[in-house]
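Architecture and fold: a report
Given next are the chains, with one letter for each unit.
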Amino acid sequence: MVNNHHQIIPLAVVALMATMTCSAQSYPTRLLEHEQQIEEIMKDMTLDEKIAMLHGKNMFSSAGIPRLGIADMEYADGPFGIREEMEPHSWNPLHLETDYATFFPTGSALAATWSTEWAYNYGRGMSREARLRGKDMILGPAMNIQRVPTGGRTYEYLSEDPLLSGALAVAYTRGSQDDGTAVCLKHYALNNQEDYRGFVDVHISDRAMYEIYLRPFEMAVREADAWALMAAYNKVRGRWCSENELLLNTILRKQWGFPGMVISDWGGVHSTVDAVTAGMNVEMPGNRFMGQALLDSVKAGKVSEEVINQRVREILRVRLTVEPIAKEIANSKPVGNPEEMAIALEVARRSIVLLKNEECSAKKGQDGEKLLPIDFKRVKRILVVGENAVTKMALGGVGAGVKTRQEITPLEGLQKALDGKINITYVQGYKSFDRSSRGKRQSPQQPADAQLLEEAVKAAKNADLVLFFAGDNREVETEGSDRKSITLPSGQDELAQALAKANKRLVTVIVAGGPVDVSTVSEVSAALLVSWFNGSMGGQAIAEVLTGDVSPSGKLPMTWPKKLEDVPAYATGSFPQQVNNDNQGDIFVGLTRNQSNDRRQQLVANYAEESLVGYRWYDAKKVAVAYPFGYGLSYAQFQYSGISVKPTVEGFDVNFTLANTSGVDAEEVVQVYVSRPLSHIERPEKELKAFKRVVLKGGESQKVTVPVRRTDLCHWDEAAQTWMLEPGTITLKVGGSSDNLPLSAEVVI
Ligand code: GLC
């Protein structure tokens, strides 16, 4: 029985589905193709040579076995660009002329594309550059769930949702490893904050841990054969991740069948015997615990040579799978080539999210018209306001900075796109937050600069259109510390209000990596977009969207809350933690400045919200948000109709018709959520279970099929300690945003 919006599948037809197990189909690993060769090599190795492989050699390398022709392993930060060469034993760059790279859009921008195709290309592009730079392993993707929007690395990470995070990490991993470079999934696991990341102890239920926080890592290991992971700095249930038997041996190796290697985060190892026994392969960057101390421990019989052999075996599996690059070839050819820049552009184009584009009439009674795309019949003078229009975002953020030859800023992109046809004036508008500035400006939250505001308001009066580039920068959002607020910095709200008073034709572009409070700018701007920290080509991409060359198609990969108090981690009081002596600088700061980090400090983060992270919470608590997960407008209009569901071997296909009823060529990300109101166990109101990016020319209609996998419908049964598929009725909801799901169908499994 099918109608346009609702369908029930006969019980018999799909009952068989329930008999299937929840095992995620495993992707064939390539790491086990050298077992015989590895055994031969190990027979020749001395104990010293084995131990030498288990810790850092240089800041970003660990030792091979020169005598046996086994190359060192070369690691490279970061997740969105191959970091410049550093001095071998310090954090100082070498300032070479041959180690530039493409600055790819950061994690949250990639996630906003909801495109596994472009995540694959992104991973391949990263590998191309890693190979040119002589690197064997990319220290990425960074993929921790964005539990707190103020997390310093929300911009590096992907999403608040495990399926979106996992699917993109799978694609990135396959893209990179198909091209020959290992990924290193990080930070495993539950590194969801930066403050006190060096010792915060996460307490969490099994179900929330498996279904939400580990799920993306499990997908990338089992469905993309990730060859390495990085153990996080924090503790989980009282044990450091780098010596966590549950995470490293029980779950990662035994349950997921992971054959590869685990490296520590830099300075994140805290023991010798526990770490190597729990499954840690390489201590980075030094040898404090897994050098001489480990050799002594073996000789004293504290740890068996078989454990050492297993750790070495796991490293050699990766080493023999990744083709080493000879030192004399590394950094000998240009990097940041057109092919990789093109990938950065295509990702940036699809990442930009249009949040608002309403009619605006400059004068009462005058016909309103939407300000975007820019109407060049009407607009002859554009005012660009804000330092984020001219700020380059590639460098910064400690380990995730990229030295690039090219980063097109929004102003440059607009100047290039409008090449003299339109008069563009730029004013600074506000003073961006800059950590290095001394004195009182130690917080991004400063009042507007009166002189800059006055100058901007004056200029706005004469413009046909005002483009206000607001948002954060790589100093506000950074590894090592969490934001204390989501209020726009540098008095930007006050500036926005003043600009709107001077000229209603105001478009605001938020350049940020994580959510900001857009309540003011959304109210005073006729149009509002998010353009992320969007890589080397970000300025071209935003110009193409503003001028209409590209229709915006990004969707929010995380909820933008109205206020921080609404966020589950804040509402449950588990974040931020109050620490009595605040000299607990970030572990990294300790490392780089040789400050002692007293990590005996007991600090527990109790993930009391359980699985209700992000939209799961706002749905459950009926809390209104500023802009919901999965939300993003287009210059086109889409119509969803005619849903039907067909069982398949893997689960079932959701079929429907998607029409682009406008004359504008565009792309839409269709989303499938599952609700189980009759379930016998507690569940979020709905959960994303599938998505697909669809290309539709103006006026085109397409029959769309989105596969839903059974394995994604399973839940973690804490009693049975395994994944289970609960039989019963499920409701599938389909649409272009988590808050706009016009189609639904019921399936009995
Ligand atoms: C840092 C980061 C990690 C990075 C590593 C090397 O502390 O946590 O993401 O890859 O150290 O720079």
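Positions within a chain are numbered from 1, following the residues in the order the chain's sequence is written. For a predicted model such as this one, the threshold for reporting local features is a pLDDT of at least 70, and the threshold for listing and counting side-chain atom pairs is 80 or more; totals across whole chains, interfaces and linings nevertheless cover every residue. Just so you know, side-chain values use all the structure's heavy atoms and leave hydrogens and water out.

Re the environment of methionine 558
Secondary-structure assignment places methionine 558 in the loop between α18 (538-547) and α19 (568-571). Judged by relative accessible area, which is 2%, methionine 558 ranks as buried. Distance in space between the C-alpha atoms of methionine 558 and glutamate 475 is 21 Å, their sequence separation being 83 residues. Among all residues touching methionine 558, those that are not within four sequence positions of it are Ser108, Gln146, Thr154, Glu160, Gly513, Gly514, Pro515, Trp532 and Phe629. Secondary structure follows DSSP: runs of H or I at least 4 residues long count as helices, runs of E at least 2 residues long count as strands, and numbering of each begins at the N terminus. Remark: exposure states derive from per-residue accessible area (1.4 Å probe, protein chains only) relative to the maximum for the residue type, with buried under 20%, exposed over 50%, and partly exposed in between. Should any heavy atoms of two residues lie within 4.5 Å, those residues are considered in contact.

Some points on the nonpolar core
Counting 192 residues, the largest nonpolar core has Tyr188, Leu546 and Phe656 as its most contacted members. Among the elements that line this core, the one with the most residues is helix α6 (residues 162-178), at eight residues. Not counting residues up to four positions away in its chain, the partners in contact with leucine 546 are Leu372, Pro373, Ile374, Leu414, Leu467, Phe469, Val507, Val509, Leu529 and Tyr635. The term nonpolar core refers to a set of buried residues drawn from Ala, Val, Leu, Ile, Met, Phe, Trp, Tyr and Cys, joined through side-chain atoms within 4.5 Å. Counting residues in hydrophobic clusters, the runner-up holds 38 residues, among them Val466, Leu488, Ala496 and Val521.

Notes on helix α15 (residues 450-461)
Helix span, expected: 1.5 Å multiplied by one less than the number of residues in the helix. Between its terminal C-alpha atoms α15 stretches 17 Å, which fits the 16 Å expected from twelve residues at 1.5 Å a residue. Buried residues in α15 make contact with β15 (381-385), β16 (423-427), β17 (465-471) and α16 (492-502). The term polar contact refers here to a pair of N or O atoms within 3.5 Å; inside protein, the definition further demands a hydrogen-donor-capable atom paired with an acceptor-capable atom, and it admits residues adjacent in sequence only when both atoms are side-chain atoms. Here α15 starts with a cap whose side-chain oxygen sits 3.0 Å from the backbone nitrogen of glutamine 451, and that cap is aspartate 449.

With respect to the packing of helix α5 (residues 116-132) against helix α13 (residues 338-351)
In this analysis, axes come from line fits to C-alpha atoms, helices being fitted only over the stretch in contact, and the angle between any two N-to-C directions falls in the range 0 to 180 degrees. Running from amino to carboxyl end, α5 crosses α13 at an angle of 150°, the nearest separation of the two axes being 9 Å. As summarised for this structure, α5 and α13 are arranged roughly antiparallel, according to the angle between their axes. Both α5 and α13 take part in a crossing whose hand is left-handed. Two secondary-structure elements touch here, α5 through Trp118, Asn121, Tyr122, Arg124, Gly125, Arg128 and Glu129 and α13 through Glu340, Ile343, Glu346, Val347 and Arg350. Any angle from 65 to 115 degrees is called roughly perpendicular, while one under 35 is roughly parallel, one over 145 is roughly antiparallel, and all others are oblique. A clockwise turn of the near helix away from the far one marks a right-handed crossing, whereas an anticlockwise turn of less than a right angle marks a left-handed crossing.

Topic: the side chain of threonine 520
Turning to its location among the elements, threonine 520 is positioned in helix α17 (residues 519-524). When its relative accessible area of 15% is taken as the criterion, threonine 520 is described as buried. If we ignore the near neighbours within four places in the chain, the residues touching threonine 520 are Asp493 and Gln497.

Some remarks on the state of the cysteines
Any pair of cysteine sulfurs within 2.5 Å is marked as a disulfide. In total, this model carries one disulfide according to the counting rule given. Through a disulfide, cysteine 22 is tied to cysteine 714; the S-S separation comes to 2.1 Å. Disulfide cysteine 22-cysteine 714: the torsion about the S-S bond is -90°, which places it as left-handed. Of the two residues, cysteine 22 sits in the loop between α1 (11-19) and α2 (35-44) while cysteine 714 sits in the loop between β25 (701-709) and β26 (715-717), which places them 692 residues apart along the sequence. Relative accessible area serves as the criterion here: at 10%, cysteine 22 is assigned to the buried category. Free of any disulfide, cysteine 241 has its nearest neighbouring cysteine sulfur in cysteine 184, separated by 13 Å.

A short note on the pattern of salt bridges
By definition, a salt bridge exists where a carboxyl oxygen of Asp or Glu is found within 4 Å of a side-chain nitrogen of Lys or Arg. Under the criterion given, the structure shown has 57 salt bridges. A salt bridge links glutamate 218 to arginine 222; the nearest nitrogen and oxygen atoms lie 2.9 Å apart. Of the two residues, glutamate 218 and arginine 222 both sit in helix α8 (residues 215-224), four residues apart, roughly one turn of that helix. Grouping residues by exposure puts glutamate 218 and arginine 222 together as buried.

Some remarks on the domain arrangement of the chain
For the domains described, the bounds stem from an automatic or database domain assignment. The domains assigned to the chain are domain 1 (5-16 + 629-748), domain 2 (33-321) and domain 3 (351-552). Just the C-alpha atoms count here: the centres of domain 1 and domain 3 sit 35 Å apart. Here the quantity called buried area is the accessible surface, traced with a 1.4 Å probe, that two parts lose on coming together, added over both. Considering only the surface of domain 1 that becomes buried against domain 3, Tyr631, Leu633 and Tyr635 emerge as the three largest contributors, covering 78% of it. Where domain 1 packs against domain 3, one counts zero salt bridges. Here domain 1 and domain 3 share five residue pairs in polar contact (both at pLDDT 80 or more) between them. Under the grouping applied here, Gly and all other residues not named as nonpolar or charged are polar, the nonpolar ones being Ala, Val, Leu, Ile, Met, Phe, Trp, Tyr, Cys and Pro and the charged ones Asp, Glu, Lys and Arg. Per-class residue counts for the side of domain 1 that touches domain 3 are six nonpolar, two polar and one charged.

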